[in-house]
Amino acid sequence: MQLLYLYGFFLALLSSIVLIPILMKYASQLGLIDNPAGSARKLHKAPMPRSGGLGIIIPTAVAILVVLPWDDSVWSFLFSSLVIVGFGLMDDVMELNPIQKLVGQALGVTLAMVGGMIISNVPFIGNAPTWISYTLTFVFVMAVINGVNFSDGMDGLAAGTTLMALVVIFLLAAESSNVQVAVIAASICAALVGFLRFNTHPATIFMGDAGSQFLGFSVAWLAITVSQAETSTLTTLIPLLILGIPIMDVLQVICVRIKKKLPLPGPDKEHFHHQIGKLGLPQAGVVATIYLLQLILLSGAFLMQHDSDTAVLGFYICYLMAVLGVLYIVQTRGWKMRRADGFTGVNRRNWVFRRVSFLHPYSGKFYGGLIAGLLCLCAVLSTEMPKGFIYIALLLATSILCVKLFARGRWPLLIARLSTYTATIFCVYGVAISSPPHESFGILDLLLAILVVALAVSIRTTRKSYFWLTPQDLLVLFFVILLAPSLSLDLGQSVNSGLLMFRTVILLYVGEYVLARGPVAQRRLTTAALFSLFLFAINL
């Protein structure tokens, strides 16, 4: 059953990576364009596609429908999400007013409550009257939906903080053998990993209200479901810590609007990330600061998962007082961060990187050849694989080859991504389950470690924005490596799930760097990936 986590994760990841570029291309035809003209609160200056939410929602739905049995709980989650996403898309296309947005959210939450999403075990009370459970559930989920929606004002902020919360939910669900919650959380995590590739600063796509409201609803649904399960031993207030950042945002926005005598619904620049930004931090600094604050809360959630409600609530109140108190004092005294003169994006390379910049024109061919060699090496070292996987690999390789021949030079990036991601997943998994481990495996991991350093240097040797490693990428890599050792996956004898994740992530990032170099590099990598897939099948 635990292999379902990996199936859901990789299916959603591959779908997201393939789908998002298509959504970016056709955003204008879909009417999903965010035009900042006339809006003082928006940070971007040029029109941007805001179809990224579909690049999170569709891969998640596909993974859930393929991996999980279609029981009442799954259908309740999907139908409730569909209502919220539908109103979110209408808002993205035609700009609904705040009341209309709240009506759509309320309909979706009510449908989910009818389907069983209820806080029946109320903190400090236990089994409370039905009206209390329903009221508390409704208020909590609505607050989380709007809190996540509020945070979607900076590149990578809503996606990154939600990803962190989902990782903790996944760990808690895996520990309690709640397969349904774990698979859904893993699938959304994978879709967010794919989305963050395009949503890091400077972002090339936004998730829109459809995406942010879906994430808010999903993370609230999962937190309630995992903590309210009959077999759960978690404290009933664990969702408060997992979702403490969006809840804090809602609370402080309400206080600020009441103080300034502003209407409660409606857009403004009083959200938590705006308050952090007033300290003089750039976008990346604001996002990193909120990531750190989220990490503190999530660490508390993990450490206090079995503590009393009183202890958890006391921790959260102290956290609120510390964070908002420090922010109030700093703003009152007018403290601001100062930036060093001349420290701009194009001048960050030091003299070491400038001296090796002459190697940059050759880096695309070098990494393309290297990843081709590594994929072929993995294919050769794969000595064991279920027959069903071999047939699937052959079918996918043949299908991609037929599409490539039929396309006649069209869609080179899409075909290259399909072939590269498919070959990487099959070849790395084949190496992982091969028994006994070959001595070349150590050399492979050493090469990958060196590759990480070399790729980071290569990115810094040019001012051209082919590809960048961002704080969000490091966040993703950190959580993948942190998450893998916590799993006890039945992958076969002597399989290290941490190495499996590490090899996959590194090869995919290197592949993205090569794919960003243009159509010629894409065609070469497509050929190498298809060759390694056929070699993988023949070798077995």
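Note on numbering: residues in each chain are counted from 1, in written sequence order. A pLDDT threshold of at least 70 governs which residues receive local features in this predicted model, and a stricter bar of 80 or more applies before side-chain atom pairs are shown or counted, although totals over entire chains, interfaces and linings include all residues. Remark: hydrogens and water are excluded; side-chain values derive from all non-hydrogen atoms of the structure.

A. Molecular detail of the overall build of the protein chain. Broken down by element type, the protein chain carries 22 helices and 4 strands. Burial status across the protein chain gives 54% buried among its 540 residues. Between two residues, a contact is recorded if the distance between any of their heavy atoms is within 4.5 Å. Across the protein chain, the fraction of contacts at a sequence separation of at least 24, relative to all contacts at a separation of at least 6, is 78%. Starting at the N terminus, helices and strands are each numbered in turn, a helix being any DSSP run of H or I of at least four residues and a strand any DSSP run of E of at least two. Relative accessible area decides the class of each residue, using a 1.4 Å probe on protein chains only: under 20% of the type maximum gives buried, over 50% gives exposed, and in between gives partly exposed.

B. Structural context of the pattern of salt bridges. Each salt bridge in this description consists of a side-chain nitrogen of Lys or Arg and a carboxyl oxygen of Asp or Glu lying within 4 Å of one another. Evaluation of the coordinates by the stated rule reveals 4 salt bridges. For the salt bridge of E95 with R50, the shortest nitrogen-to-oxygen distance reads 3.2 Å. Residue E95 is located in the loop between α4 (72-94) and α5 (98-114), and its partner R50 is located in the loop between β2 (48-49) and α3 (52-67); the two are separated by 45 residues in the primary sequence. Its salt-bridge partner being R417, residue E512 comes within 2.9 Å of it at the nearest N-O pair. Here E512 is found in helix α21 (residues 497-515), whereas its partner R417 is found in helix α18 (residues 412-433), with 95 residues between them in sequence. The burial state of E512 is the same as that of R417; both residues are buried. Put simply, D91, K101 and D209 are held in one network by salt bridges that share partners.

C. View of a nonpolar patch on the surface. Within this analysis, patches are made of residues with over 30% relative accessible area and no salt bridge. Like charges are joined at 9 Å or less; nonpolar side chains (Val, Leu, Ile, Met, Phe, Trp, Tyr) at 5 Å or less. Only the protein chains shown count as cover for residues, and the accessible areas themselves come from Shrake-Rupley with a 1.4 Å probe. On the surface, I99, L102, V103 and L107 cluster together into a nonpolar patch covering about 330 Å² of accessible area. Along the chain, I99 falls in helix α5.

D. Expanded view of helix α1 (residues 3-25). End to end, α1 covers 34 Å across 23 residues, agreeing with the expected 33 Å (1.5 Å per residue, within 8%). Helix geometry: α1 is bent most strongly at L19, by close to 25°, with proline P21 lying one to four residues after it. One less than the residue count of a helix, multiplied by 1.5 Å, gives the span that helix is expected to have. The seven residues ending at a residue and the seven starting there each receive a fitted axis; the angle between those axes is the bend at that residue.

E. A look at the packing of aromatic side chains. Each aromatic pair joins two rings of Phe, Tyr and Trp (for Trp, the six-membered one) with centres within 6.5 Å, and gets the label stacked for planes under 30 degrees apart, edge-to-face for over 60, and tilted for any other angle. With the rule as written, the count across this model stands at 10 aromatic pairs. Measuring from ring centre to ring centre gives 5.6 Å for W75 and F79, while their planes differ by 25°; the resulting arrangement is stacked. Of this pair, W75 and F79 both sit in helix α4, separated by 4 residues, roughly a single helical turn. Under the relative-accessibility criterion, F79 is labelled partly exposed at 46%. Aromatic pair Y316 and Y319: ring centres 6.4 Å apart, planes at 15°, arrangement stacked. Highlighted residues: Y316 and Y319, both in helix α14 (residues 309-332), separated by 3 residues, approximately one helical turn. A single burial state applies to Y316 and to Y319, both of which are buried. In textbook terms, an aromatic cluster arises when at least three aromatic residues are bridged by ring pairs, as seen for F77, F214, F217 and W221.

F. Quick peek at the environment of A454. Structurally, A454 is set in helix α19 (residues 440-460). Here the alpha-carbon distance between A454 and Y367, two residues 87 residues apart in the chain, equals 9.6 Å.

G. Fine view of the confidence of the model for the protein chain. As a per-residue measure, pLDDT reflects the predictor's confidence and takes values from 0 up to 100. The predicted model of the protein chain has a mean per-residue pLDDT of 81, with 83% of residues at 70 or higher. Here residues 340-350 is a poorly scored stretch, pLDDT under 50, and it has 12 contacts once near neighbours within four places are set aside; other chains count.

H. Highlighting the side chain of T235. The residue T235 is located in the loop between α9 (208-228) and α10 (238-242) in this model. Contacts described as polar in this section are N or O atom pairs within 3.5 Å, which, within protein, must combine one atom able to donate a hydrogen with one able to accept it, while residues neighboring in sequence count only if both atoms come from side chains. Side-chain polar atoms of T235 contact the side chain of D309, separated by 2.8 Å. With residues near it in sequence (within four places) discarded, T235 still touches S227, M304, Q305, D307, S308, D309 and V312.

I. Structural context of unusual backbone geometry. For F124, which is not glycine, the phi dihedral falls at a positive 70°. Locating F124 in the fold gives a position in the loop between β3 (121-122) and β4 (126-127). Taking relative accessible area as the criterion, F124 reaches 51% and is therefore assigned exposed.

J. Up close: the packing of helix α16 (residues 360-381) against helix α22 (residues 519-539). To get an axis, a line is fitted to the C-alpha atoms, and for a helix only the part in contact is used. The angle between two axes follows their N-to-C directions and goes from 0 to 180 degrees. Running from amino to carboxyl end, α16 crosses α22 at an angle of 10°, the nearest separation of the two axes being 8 Å. Between α16 and α22, the crossing angle belongs to the class labelled roughly parallel. In this structure, α16 uses K365, G368, I371, A372, L375, C376, A379 and V380 to contact α22, whose residues at the interface are R524, L525, A528, A529, F531, S532, L535, F536 and N539. Each residue gets one label: Ala, Val, Leu, Ile, Met, Phe, Trp, Tyr, Cys and Pro are nonpolar, Asp, Glu, Lys and Arg are charged, and the others, such as Gly, are polar. For the contact of α16 with α22, a count of residues per class yields 12 nonpolar, 3 polar and 2 charged. Angle categories: roughly parallel below 35 degrees, roughly antiparallel above 145, roughly perpendicular from 65 to 115, and oblique for all the rest.

K. Spotlight on the environment of V181. By secondary structure assignment, the location of V181 is in helix α8 (residues 179-199). Under the relative-accessibility criterion, V181 is labelled buried at 0%. V181 sits 12 residues away from I169 along the chain, and the two C-alpha atoms are 8.0 Å apart.

L. Geometry of the state of the cysteines. The criterion for a disulfide is a pair of cysteine sulfur atoms lying within 2.5 Å. On inspection of all chains with the given rule, the structure shows 0 disulfides. Distance from the sulfur of C378, which forms no disulfide, to the nearest cysteine sulfur (C427) is 6.1 Å. C378 sits in the buried class, given a relative accessible area of 3%.

M. Local environment of the side chain of T161. Relative to the elements of secondary structure, T161 occurs in helix α7 (residues 157-175). Other than its neighbours up to four places away in sequence, T161 contacts I290, Y291 and Q294.

N. Looking closely at α14. Compared with the 34 Å implied by 1.5 Å per residue over 24 residues, the 34 Å span of α14 between its first and last C-alpha is a close match. Among the residues making up α14, those that are buried are D309, V312, Y316, Y319, L320, V323, L327 and V330. Looking at the buried side of α14, the elements it contacts are α10, α11 (244-259), α12 (272-277) and α13 (283-303). Positive phi shows up at G334, right after α14, with a value of about 75°.

O. Layout of the environment of K101. Assignment of secondary structure puts K101 in helix α5. Separated by 13 residues in the primary sequence, K101 and G88 have C-alpha atoms spaced 7.5 Å apart. Ignoring sequence-local partners within four residues, the contact set of K101 consists of D91, L96, N149, D209 and Q213. Of the polar contacts made by the side chain of K101, one reaches the side chain of D209; its length is 2.9 Å.

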